[in-house]
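Next come the chains, spelled out residue by residue.
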Amino acid sequence: MPETASSQALDTFPRLLLNHARIRGSKAAMREKDLGIWQCWTWQGVADEVRALACGLAEMGFKRGENVAIVGDNRPRMYMMMTAVQCLGGVPLPLYQDAVASEMLFVLVDAEVRFLFVEDQEQVDKVLELQEQLPQLRHLFYDDPRGMRHYTQPFIHDVRELMEMGRLHNRNHPDLLATEVAAGAPHDVSIMLYTSGTTGKPKGVCLTHDAFICAARGGVEFDHLSEDEDILSYLPMAWVGDHLFSFAQAMVTGFTINCPESAETVMNDLREIGPTYYFAPPRVFENLLTQVMIRMEDASAIKQKMFHYFMSVARRSGAEILDSKPVSFSDRVLYALGNFFVFGPLKNVLGMSRVRVAYTAGAAIGPDLFRFYRSIGINLKQLYGQTETCAYVCLQPDGEIKFDSVGKPAPGVEVKIADNGEILVRGPMLLKEYYKRPDATAEAINADGYFMTGDAGLFDDEGHLKIIDRAKDVGKLANGAMFAPNFIENKLKFFPFVKEAVVFGDRREMVCAFINIDIGAVGNWAERRGIAYSGYTDLAAKPEVYGLIQDSIEQVNAELVGEGPLADSQIHRFLILHKELDPDDDELTRTRKVRRGFVAEKYGVLIDALYGGKDSQFIETAVKFEDGRQGKVAADLVIRDLKTFGTAGREAA
Amino acid sequence: MLYRENGQFKTSYAADQQIFPIAQDRWAIIGILVFAFVAVPLLVDEYLFRAILIPFLILSLAALGVNILVGYCGQITLGAGAFMAIGAYAAYNFHIRIEGMPLLVSLLLGGFTTAVVGIFFGIPSLRVRGLYLAVATLAAQFFTDWVFLRIPWFTDNSSSGSVSVSNLHVMGWQINNPVSKYLFCLGFLTIFALLAKNMTRSAIGRQWMAIRDMDVAAEVIGIRPLFAKLSAFAVSSFFIGTAGALWGFVHLASWEPAAFSVDRSFQLLFMVIIGGLGSIMGSFFGAAFIVILPIALNQILPVVGDLTGIEISTAGISHAELIIFGGLIVFFLIKEPHGIARLWSTGKEKLRLWPFPH
Amino acid sequence: MSRQIGEVILDLKQVSLSFGGVKALTDISFDVREHEIRAIIGPNGAGKSSMLNVINGVYRPQLGEIILRGQHFSKMNPYKAAKAGISRTFQNIALFKGMNVIDNLMTGRNLKIRSNLIQQAFWWGAARREELAHRAKVEEVIDFLEIQHIRKTPVGRLPYGLQKRVDLGRALAMEPSILLLDEPMAGMNVEEKQDMCRFILDVNDQFGTTIVLIEHDMAVVMDISDRVVVLDYGKKIGDGEPDAVRANPDVISAYLGASH
Amino acid sequence: MGFFLETLIGGLMAGMLYSLVALGFVLIFKASGVFNFAQGAMVLFAALAMARFAEWIPAWLGLQGSYLGTAAAFVIAGAVMFVVAWLVERLVLRHLVNQEGATLLMATLGIAYVLEGVGASVFGDDIYRINVGMPKEPVFLFEGIFPGGLLINKEDFIAALIAAVLVGLLTLFFQKTTTGRALRAVADDHQAAQSIGIPLNRIWVIVWCVAGLVALVAGVIWGSKLGVQFSLSTVALRALPVVILGGLTSIPGAIIGGLIIGVGEKLSEVYLGPMIGGGIEIWFAYQLALVFLLFRPQGLFGEKIIDRV
């Protein structure tokens, strides 16, 4: 049957796009809030612009297999450029738009980028800063012409120029695009994403059309997504999660992606669009919840009472109702009332009224946080995956949500646990290779074709995967007991007052911790108690704040007692850092993961003080401000001892 | 609380600039209109039509007119009653002096005549502002009072000074019972309210508001105060005049100049201030408040008297009404100087943000 | 810089203005060339604002004349000035407080409205088309000034710095050829001043708008203006390029005398 | 000629009373920015109080036909007006600080309703007479100069005299006393006045007391002439054009404006009335003021407004 033949042929993104243009050409493919309204592109419109872009690139001398770097916020034309590059058999290479010039340099050189597509003047300036070091750079295109009038360099072009050129080219060579698309193959690399890499230089992860299409199809079928979904695309385009959800899945199903107007208006744009399918890292959900709680504090007493009453009803039965589990009639009635008075309106102001499926991934999510969203009726689920696996390994099936697991292996994915506890995965979604790094590729994929995730985990009785830590981070205390720092840090970070935590203990006799407080939550807490403070450093040093954090850590200690092999990892001593850990100071990765080794080295004095039994320690640290200036922050940090719990009680019980 | 705005995104300026951009509001207004046009005629008795609904509709229309001038353009008027009178007498004269004049045309010509006179009395607004202007508009009030009382031509030389119209019909539809009168006025009000809303959201409305908020800045961006103010006077007078014609023709059927005294002017000004200056919705709220309050007091006071055992005479009740009416007005001005419309919009805002307080 | 400073577009000749015997401006002449940024500086009460008010006809000078693109005006009025493409911002922000940002900017499009009252009342035909077209124009200004997040906020609720930006926006919505700015940066913090400077330069650069600017912050004035005129007690005491003006002894003494 | 002079003098005498009432308006407006529409109701209320106390007090105390009763009634009515002033400040004005002119105007209308309602329920709503012993008989002056002399109504003459004296006293009070100076400071700038320690609230009570007193005198005079009845409150509306003519903030403006309006009204009634119909005095003053406004928007003595931008 011809139909089967054509659907079989839908194995690269350009073919998917052309197919959408054919069968749902007038349906909205992309929207962007611009000039006050949601500007729309239909699938046909997208296909036309992609054609113009691709032909323009061809005219400019683009060659099959070349990498095109794409830098900017989520904009329709940025996504279109990706497909345009793919049409010609090239590889789009999205970069983090907030990366500083020096960070971009490595990738641009490594990937031998000749063509660069950036959003605006800001990004152009960054590239111009590096111009000397990029001898291979041929053409730089920009999307937003604002402020670009005086850039006279001949290699800088408005993307509209490129498209104009492309249209002309298309008239002269109308078959070029079809030929190029036909020349593409599913095992071609469709995208290259650089992993930030907690150690060493970033590596380019090459992922094929096939890998991403499989991953996207798997997810789509798993959650029964249709072409009617709306998704808000606001996460960095260089992140694998955005690529899977906003690009690959949209391309597979034909649903609509929506780009917000600006960073300041994301919340408002979210409310307007009301996505049906939503994806965000835990930190976003966390911030939202904190906002909800802070804003509710200002509400009248009656409203607060009502809110808390119905939230308790939701905690009791909300998640169960969502999972269609049996719930008493009275609770159902109360929940329905709560839905009218609290949950429904709350979802409306959060922009989540229409959400059918929401996912979070990228870091562990606190059980309370997770429960909150599920209990008010938002079908929030976790997934597990990495850049190397197209963010696709495990998914939580509807109705089988466990707060401490990441779900079951996704369709088509094989997962097994190695002897050392490391999670190994195999399937069509695996990377093809690391760009120009056969050594790293060989290291990551074992002889059986399994990718070594580097995470330690275990399956529970029902086949749900539970992640404990990075495999290489799992160490041993001096007494031989297992030490999983991330596991403990995540427990700490589940407290709203703790922004970041770094724990130490590998090959040491006890566990100690650095804490970053959350300036918003703690600041609010302090204001309500009338504690005046001048800034982060000052607030962090307040004895009251120390007390607050101490309580939280001791609670974690109490929980750890029940975690079997991790009971010895209770935290004995801690201090609150005088500055916030910051990607600009290299203490965090761009995805806000702690660079443990770097931090340990940078703050060696503090670690010595923790383990040396001192009560306080002076430290002075260089910092980079947002505008690029350098400065110093100095403080005398207090160190506190903590209560730990024996395992005797548990044994007695 | 009732709002679910997710997914109501706008993909064109036309959608973004519609009168009710939120779907829930659109449904509510459709519901209200259906209720007013269909359910009310079936449910309500004659007394309610006569005593409350018809006066409410006509005075709402007049209040809309006053609000355009006072609320949108910032020109205080104390002569609204006079403009109602002009509308009523002009329509009357067109109606009786021109054979076979259709009712609708008479009413609208009443409005147009008022608009012309309104422009004339608006001329002082080009020179004087604020309270000076308020007093200048009183001049219009007293002058027209006198004209219709003393110049017999306007009242068709009627010996008693009172005029009357009868046998009203529009294209074969007899407007002779309370329901038909109600529907006739409701139709007028609906259309005029739509026109008023359109004007206030267009260039002309912005000109009025610019003059109101900061006249020097308005001039600097090329708004001519002459045109803005006189157009506000004209439109406002047109509305008030038409309302006056309806008041005379439909509500009263026979009337004398006292029906449009300075008290009527004050009453209309009360409506827009209590309802909310610069708000179409406020005009309705204000009219409802002012129409219903005296009737409610009239009903409630004797009951209160009975309950407390105090014998209240009819005169006593009317005095108490005055006191309570005045007191409530002062109370309202103190508690919510921006009027009921402000309460309404904060309430709506709260509902949209619910459960958050702000 | 690619912009070309052109011919004299606005010329003031021997303008004198007084209020009931109090002299605000005495025999002042100066010219403004097309596309340039022209600053007026001087101590408080030097007559700077009066100068702008004369240019766009809010005040009528007793003596002197204004030549705008070769046309002589002995008396300007605000409407004529607006028609001729002069728009301005105000020292004490004169926004329309009862309207939101979009509507404030829409008032700036007033002179370009062609539809009549009746069409507007029915929101019909030309009125509707115009309304939507002008909205699109206004959105461009909103985009230009980066005030998307407040487009539907009533201006009264905005912080001062943003109100100033909206004030500029309303002036820009007129698509003026000459823009008069009365202390656009007064009372702003450093960051807001930087933004405002950037906007002023961008306006001048992108649209070729001629700008006449009153400003107190000398660093800013010297930085962005092409020529500076200095007033003191209603008299002109200096005129020229920033460096020349800075070196002018009269200016130095007026300024030192005023600020120390 | 004699007839013209007669009319002129009659107008001046009536105008003196307008001046007095206008003064009440101006004082309140100067001190608090309130355009007091309740002035008419205050006149009615004061007249009612006077009329009824003048009946009741002799009845209670058994004083018949004595001037003492009338005097006591006047004092008590004055006290009542002071209480009214105090209540107005307490219950209304202090809650409406910084509101717009139109709102304040509406509030005074509310006060007017309350006053009319209270007046009618406490004092009754019939027509009452006030008899303060004003001579009713006319006198003839200058019989030597004009044939038949000039006919002057003695009652009007005395009323005008009283009004003139009161106007004079008030003017002196506000020009010479500390309170007067404080009041003028308040009129110039509320905030500045407050910051140098002038108690706004007390000033307001004082001006409302003065306005109450003015209303009482006007009420007594008009009441004894026309009878105390509901329409008295609209007579005071006639004083409005006076303030417009004179300028809302000007005391001399109020005085001169009153005289002009008084004369204008009488002359127009006599000379224009027969031509275009009777009763034109209702609107004539307004039109006069209106035409005048077109040429001098700030009134005769009002300050010129300069727009600063």
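What you see is a predicted model, and the numbers here were worked out from it, not measured in a lab.

Cut-offs used in this document
- Residues numbered from 1 in each chain as written.
- Chains lettered and ligands numbered in written order.
- Predicted model: local features only at pLDDT ≥ 70, side-chain atom pairs only at ≥ 80, totals over all residues.
- Heavy atoms only, no water.
- Helix = DSSP H or I, 4+ residues; strand = E, 2+ residues; numbered from the N terminus.
- Contact = heavy atoms within 4.5 Å.
- Buried area = accessible area lost by both parts, 1.4 Å probe.
- Salt bridge = Lys/Arg side-chain N within 4 Å of Asp/Glu carboxyl O.
- Nonpolar A, V, L, I, M, F, W, Y, C, P; charged D, E, K, R; others polar.
- Pairing = 2+ DSSP bridges.
- Axes fitted to C-alpha atoms, helices over the stretch in contact; angles between N-to-C directions.
- Patch = residues over 30% accessible without salt bridge, like charges linked within 9 Å, V, L, I, M, F, W, Y side chains within 5 Å.
- Areas by Shrake-Rupley, 256 points an atom, 1.4 Å probe, with all protein chains shown as cover.

## Concerning unusual backbone geometry
Working step 1: Across the junction of Trp 354 of chain B and Pro 355 of chain B, the peptide omega takes the value 5 degrees, indicating a cis bond.
Working step 2: Examined against the element boundaries, Pro 355 of chain B turns out to sit in the segment after α14 (339-353).
Working step 3: In this model, Ala 391 of chain A sits at a positive phi of 55 degrees, which is unusual for a non-glycine residue.
Working step 4: Inspection of the secondary structure puts Ala 391 of chain A in the loop between β14 (380-384) and β15 (394-395).

## Focus on the interface of chain D and chain B
Working step 1: In this assembly, 48 residues from chain D lie in contact with 34 residues from chain B.
Working step 2: Across the interface of chain D and chain B, roughly 3,900 Å² is buried in total on both sides, 80% from carbon and sulfur atoms.
Working step 3: Run the count over chain D and chain B and you get 0 salt bridges.
Working step 4: Elements supplying a minimum of two residues to the side of chain D that touches chain B: α3 (67-92), α4 (101-123), α10 (240-246) and α12 (281-295) of chain D.
Working step 5: Ranked by residues supplied to the side of chain D that touches chain B, first place goes to α4 of chain D with 16 residues.
Working step 6: Partitioned by chemical class, the residues of the side of chain D that touches chain B number 31 nonpolar, 13 polar and 4 charged.

## Focus on the sheet that holds strand β2 (residues 22-33) of chain C
Residue and element names in this part refer to chain C.
Working step 1: Read across the sheet, 4 strands follow the order β2-β1-β4-β5 without closing on themselves; strand pairing throughout is antiparallel. Because the sheet does not close on itself, it has two edges, and the strands there are β2 and β5 (71-73). Going from strand to strand, the sheet's axes swing by 20 degrees on average, the running direction of each strand aside.
Working step 2: Direction of pairing for strand β4 (residues 63-68) relative to β5: antiparallel, over a ladder of 3 bridges. Within β5, the position partnered with Ile 67 by the bridge is His 72.

## Considerations on a nonpolar patch on the surface
Working step 1: Together, Trp 27, Ile 30, Leu 33, Val 34, Phe 35, Phe 37, Val 38, Leu 42 and Leu 43 of chain B make up a nonpolar patch on the protein surface, roughly 960 Å² of accessible area in all.
Working step 2: Within the secondary structure layout, Phe 35 of chain B lies in helix α2 (residues 23-43).

## Some points on the pairing of β2 of chain C
Residue and element names in this part refer to chain C.
Working step 1: Bridge count between strand β1 (residues 8-19) and β2: 8 bridges; the pairing is antiparallel. Counted as the bridge partner of Ser 18 is Lys 23 from β2.
Working step 2: Count of turn residues in the β1/β2 antiparallel hairpin: 2 residues, of which Gly 20 carries a positive phi of about 45 degrees.

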